[in-house]
Every structure is written in structure tokens, then in C-alpha cells.
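Chain residues, written in single-letter form:
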Amino acid sequence: ALSGCALPRRRSKSEFSAYADKCLVDGHYSSLACASNRGDFYVKGFRTLGEPKAPVTPQTLFDLASIGKTHTAALCALLHAEGRLDVDAPFTEYLTDHVLAKEGCRITVRDLATHSGGFDNSKPYMTEDGKKMFSLLMAKRPVYGRGEKYVYACSNFVYLGLIVERLTGLDLDAAARKMLWGPLGMTRTSWRTVTSDKDVAEYPPSTYSGPHRRIGERNDICAHYAARPMGNGANFSTVGDMLLFVDDLARRERFSSEYYDLLFTPSFTGDGHRRSFGWDMTAAKSTFADWVSTGFSSRAICHPGWTGGAIAIDPETGFAGVVLGNRLSSKEKTMPLRMKLLDLMAKVLGRSTPLARS
């Protein structure tokens, strides 16, 4: 059954574009790049903030921020499907240098992916010394009991990224190109700072802390200081590449069923929160509560990013959608806007349309 109403309301083709236009006119975003496997494609606004004004294009690279966590989760799911990663084993079996490894740690890989292992979002590992950062990460301790509650923590996904690197012998960028982005044809996605491509979105200082970021440098301060791929996200991609990623999740055609099953199966439910492996699901206390008023089903998964984007897939209807943008307003003000944009794209009856690259 679909949440919110019995059937999704059919929308006019102009309703979505009119709402997206309003998001720009009202000054919440400098640009938006949105697409769905229903045939929606909207690219408008400016990727730059000052003069000269450079228009956003279908090939504009956006900093995904925490949306990139879904790529880390996908790599873990692929390793799980290959039998190389036991998601219900203590994570310290793979990170034996973590302080908890000698203390009978029971926090599993799945716990990290559902933000339920007990770590909070404090960053005692924050330092401009990239090498020291990772030694401090291995000293971080949980502050809650395992499974006690959902607490979003970037360090959970940094650990997952390190596990991927140690199992594959590759850094995250190389692992993703080999295992995920390459097979899906995602040629405009990278976990590295963008240095030779000028078609990159610019973000206002209000969206980051610490030193000034040049266009193409990662918004996340830990990723910025580490100067290497980090599992908590901060990779760059385009609306077309991200549509390839989410459409594959809706179609379940490229990889094994174990991969898709892990990403769509509820793995933690507590205190009104529902999480699958690396994704949020509809719930009374969703990370972005505005999602619960949409027409997405209880099987849908979604993930937002600090810089202004969000992606969603609903296996009940076969929908997959992408919203990317360089937000000007706060995360709190733009979160309901992103959910509304996804909801409007999803409100079309019938199976998804064939995917076409732009």
C-alpha cells in the first residue's frame, strides 16, 4: 500500500517545472538539475554564484555530500553479494587496528550502515593533518549501546569506506570505477577533487565550515583535509550519472539479487526511524520528516546531501529520481523542497520509461 493516498495523483507536465522554477526564483537554489526515469529532465539556473554568471548544464558536476554515502553502501553490498563481506560480523574483523578490536566489539558492519552502532556524530578525528585523522578515527568510541538508537554519524561511513579499501586493495575511487560506476556507465562521477573540469557547481560559504573552498574542492571539511576519498561522501557527479545509478536500483538488472535485497531490506527500526543498509526509509521520524507526507511507499529508499540534493527509489512503482543543486538557503529550508521535487516527479502512474543519457 502506498503511504499518503491510495494511488499517486497524476500531475501535469508543467507542475514539476513550475515548482522547480519557484525554488530558483525564491532564492533557495542557484541552480537545479533534476531527472527521473519517468522522463523528467530539468536543468536551469547558474552553477556559479558571482559574475560572470555561468549557466548549469547537463554535464555540471555537483558535490554530492552525503548522497555519496549510498555509493559506499553500494560497494559494501557488492562485496556482500560476492561473499567477501559479512555485514553481520563485527566491523573490527575488517578494521583490526580500531581500539574496539581488542574489546570484544559487537558493533556490526550493518550497524554502521544503519547508524545504529552507538557512535555519535562528533568528530574528535577532525584535524588538518590527513594522516593523523585516520589514526584518531581508530580511537573513536561509541557513546550509546549497540542498537539502542539511530544516531547519524559520518564516521560510520568513513569506517565502511576503509573496509571497502582493505578488502579490494583499491582506494574508493578506483573501487567504485571498477565495481559500480564502470559497469553502470557512470563516466562523470569521481571521488577526487575536481581540478581540470570547469563545469562544476559553486557553493556559498554558508554551506561549509573551515577554510575557503575553491570551486571543485570538496565541501565536507574532513574530506577536504584528508585530500583522499572518504566513505562519508563528498564525491562529484552529474544528474545523468546519478540517474543511471538510481534507475539501476529500480530495475534490478545489472547486479545480483543479493546486492539489491540488502539495500532495500529494512535493517533497523527503532524510535520511529527506519533504515535499510545505507539508506533512509519512510517513517514517523525520518531524517527528513517531510518525506512522510509524500506518496512514496513504505518500501522506498531515499538519501539527501548537505549541499542541496536528494535521490529516491520506490520499488513499489519502479520510480527513480534525482535532485541536485547548489543550495543558497539552509538545509532545513531546502529539505522539504527536495522532497516535493522528488514527489512531483514520482506522481505519474505506470511503469518507468526507458532511460536515455543526456
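This one's a predicted model, so the numbers in the text were calculated from it and none came from an experiment.

For the rest of this paragraph, the subject is the sheet that holds strand S10 (residues 319–327). The 8 strands are arranged S2-S1-S10-S9-S8-S7-S6-S5 in an open sheet whose pairing can be described as antiparallel. Single-partner strands in this sheet number two, and they are strand S2 (41–45) and strand S5 (268–270). For this sheet the average axis-to-axis angle between neighbouring strands, irrespective of direction, equals 20°. Across 4 bridges, the pairing between strand S8 (residues 301–304) and strand S9 (residues 310–314) is antiparallel. Pairing of isoleucine 301 across the sheet is with isoleucine 313, part of S9.

This part takes up the nonpolar core. Membership of the largest hydrophobic core comes to 81 residues, with the highest contact counts inside it found for Phe91, Leu180, Phe245 and Tyr259. Setting aside its immediate chain neighbours within four residues, phenylalanine 245 contacts Thr70, His71, Ala74, Leu180, Leu184, Met186, Tyr259, Trp279 and Ile311. Residues Ala310, Phe319, Leu341 and Met345 belong to the second largest nonpolar core, which totals 23 residues.

Quick look at the pattern of salt bridges now. In total, this model carries 20 salt bridges according to the counting rule given. One salt bridge connects aspartate 97 with arginine 166, and the closest N-O pair in it is separated by 2.8 Å. Of this pair, aspartate 97 sits in the loop between helix H2 (69–81) and helix H3 (109–113) while arginine 166 is found in helix H5 (residues 154–168), placing the two residues 69 residues apart along the sequence. Judged by its relative accessible area of 42%, arginine 166 is partly exposed. Counted as one network, the salt bridges with shared partners bring together Asp171, Asp173, Arg177 and Arg192.

On to the packing of H2 against helix H9 (residues 257–264). Packed helices, taken two at a time, are described by the angle their axes make and the gap between the axes. Viewed as axis vectors pointing N to C, H2 and H9 meet at an angle of 135°, and their least axial separation amounts to 8 Å. In terms of their interaxial angle, H2 and H9 are classed as oblique. By crossing handedness, the relation of H2 to H9 is classed as right-handed. Residue-level contacts link Ala73, Ala74, Ala77, Leu78, His80 and Ala81 of H2 to Glu258, Tyr259, Leu262 and Leu263 of H9. Looking at the contact of H2 with H9 residue by residue, the class counts come to 8 nonpolar, 1 polar and 1 charged.

Scored by pLDDT, the chain has a mean of 91; 91% of the residues are at 70 or more. Residue range residues 1–8 is modelled with pLDDT below 50. Its contacts to residues more than four positions away, or to other chains, number 17 contacts. Here residues 349–354 scores under 50 on pLDDT; set against residues more than four positions off or in separate chains, the count is 18 contacts.

Taking 1.5 Å of rise per residue, 16 residues should cover 22 Å, and helix H10 (residues 331–346) covers 22 Å from first to last C-alpha, within 8% of that figure. For H10, the set of buried residues is Thr334, Met335, Leu337, Arg338, Met339, Leu341, Leu342, Asp343, Leu344, Met345 and Ala346.

The next thing to look at is the state of the cysteines. Throughout the structure, instances matching the rule amount to 0 disulfides. In this structure cysteine 76 is not part of a disulfide, and its nearest cysteine sulfur, from cysteine 154, lies 15 Å away. By relative accessible area, cysteine 76 is classed as buried at 0%. No disulfide involves cysteine 222; its sulfur sits 7.4 Å from the nearest other cysteine sulfur, which is in cysteine 154.

Let us now look at the pairing of S2. Bridge count for strand S1 (residues 29–36) against S2 is 5 bridges, and the pairing is antiparallel. If you follow cysteine 34 over to S2, its bridge partner there is tyrosine 42. Turn length for the S1-S2 hairpin, with the two strands adjacent in sequence and antiparallel, is 4 residues, and the turn residue glycine 39 shows positive phi of about 105°.

Here the focus is the environment of threonine 265. Positionally, threonine 265 belongs in the loop between H9 and S5. When sequence neighbours within four positions are dropped, the list of residues in contact with threonine 265 reads Arg275, Ser276 and Phe277. A polar contact is formed between the side chain of threonine 265 and the backbone oxygen of aspartate 261, at a distance of 2.5 Å.

In this section: the packing of aromatic side chains. Within the structure shown, the criterion is met by 10 aromatic pairs. Ring geometry for phenylalanine 91 against phenylalanine 119: centres 6.1 Å apart, planes inclined by 80°, an arrangement best described as edge-to-face. Of this pair, phenylalanine 91 sits in the loop between H2 and H3 while phenylalanine 119 is found in the loop between H3 and helix H4 (130–137), placing the two residues 28 residues apart along the sequence. Of the two residues, phenylalanine 91 and phenylalanine 119, neither departs from the other in class, the shared state being buried. For the ring pair phenylalanine 296 and phenylalanine 319, a centre distance of 5.8 Å and an interplane angle of 45° mean the geometry is tilted. Of the two residues, phenylalanine 296 sits in the loop between strand S7 (279–281) and S8 while phenylalanine 319 sits in strand S10, which places them 23 residues apart along the sequence. Owing to a relative accessible area of 0%, phenylalanine 319 belongs among the buried residues under this scheme.

Conventions used here
Within each chain, residue numbers correspond to sequence positions counted from 1 in written order. In keeping with the predicted nature of the model, local features appear solely for residues at pLDDT of at least 70, side-chain atom pairs appear and are counted solely at 80 or more, and the whole-chain, interface and lining totals rest on all residues. Side-chain metrics in this entry use all non-hydrogen atoms of the structure; hydrogen atoms and water are not considered. Should DSSP find at least two bridges between two strands, the strands are taken to pair. Runs of E in the DSSP output that reach at least two residues are strands. Runs of H or I that reach at least four are helices, and both are numbered from the N terminus. Angles here are taken between N-to-C directions and fall from 0 to 180 degrees, while the axes themselves are lines fitted to C-alpha atoms, restricted in helices to the stretch in contact. Nine residue types can take part in a nonpolar core, namely buried Ala, Val, Leu, Ile, Met, Phe, Trp, Tyr and Cys, and a core is a set of them joined through side-chain atoms within 4.5 Å. Buried, partly exposed and exposed residues are distinguished by accessible area as a fraction of the type maximum, computed with a 1.4 Å probe on protein chains only: under 20%, between the cut-offs, and over 50%, respectively. Two residues qualify as a contact provided that any one of their heavy atoms is within 4.5 Å of a heavy atom in the partner residue. For this document, the term salt bridge refers to a Lys or Arg side-chain nitrogen within 4 Å of an Asp or Glu carboxyl oxygen. Here the word oblique covers every angle except those under 35 degrees (roughly parallel), over 145 (roughly antiparallel) and from 65 to 115 (roughly perpendicular). It is the rotation of the near helix from the far one that decides the hand of a crossing: anticlockwise by less than a right angle makes it left-handed, clockwise makes it right-handed. Three residue categories are used. Nonpolar comprises Ala, Val, Leu, Ile, Met, Phe, Trp, Tyr, Cys and Pro, charged comprises Asp, Glu, Lys and Arg, and polar comprises the others, including Gly. The quantity called pLDDT is the predictor's confidence in a given residue, expressed from 0 to 100. To estimate how far a helix should reach, multiply one less than its number of residues by 1.5 Å. We call a pair of cysteine sulfur atoms a disulfide when they lie within 2.5 Å. Under the rule applied, a polar contact is a pair of N or O atoms within 3.5 Å (in protein, one hydrogen donor and one hydrogen acceptor; residues adjacent in sequence only if both atoms are side-chain atoms). Aromatic pairing here means that ring centres of Phe, Tyr or Trp (its six-membered ring) are within 6.5 Å. Orientation follows from the plane angle: under 30 degrees is stacked, over 60 is edge-to-face, and everything else is tilted.

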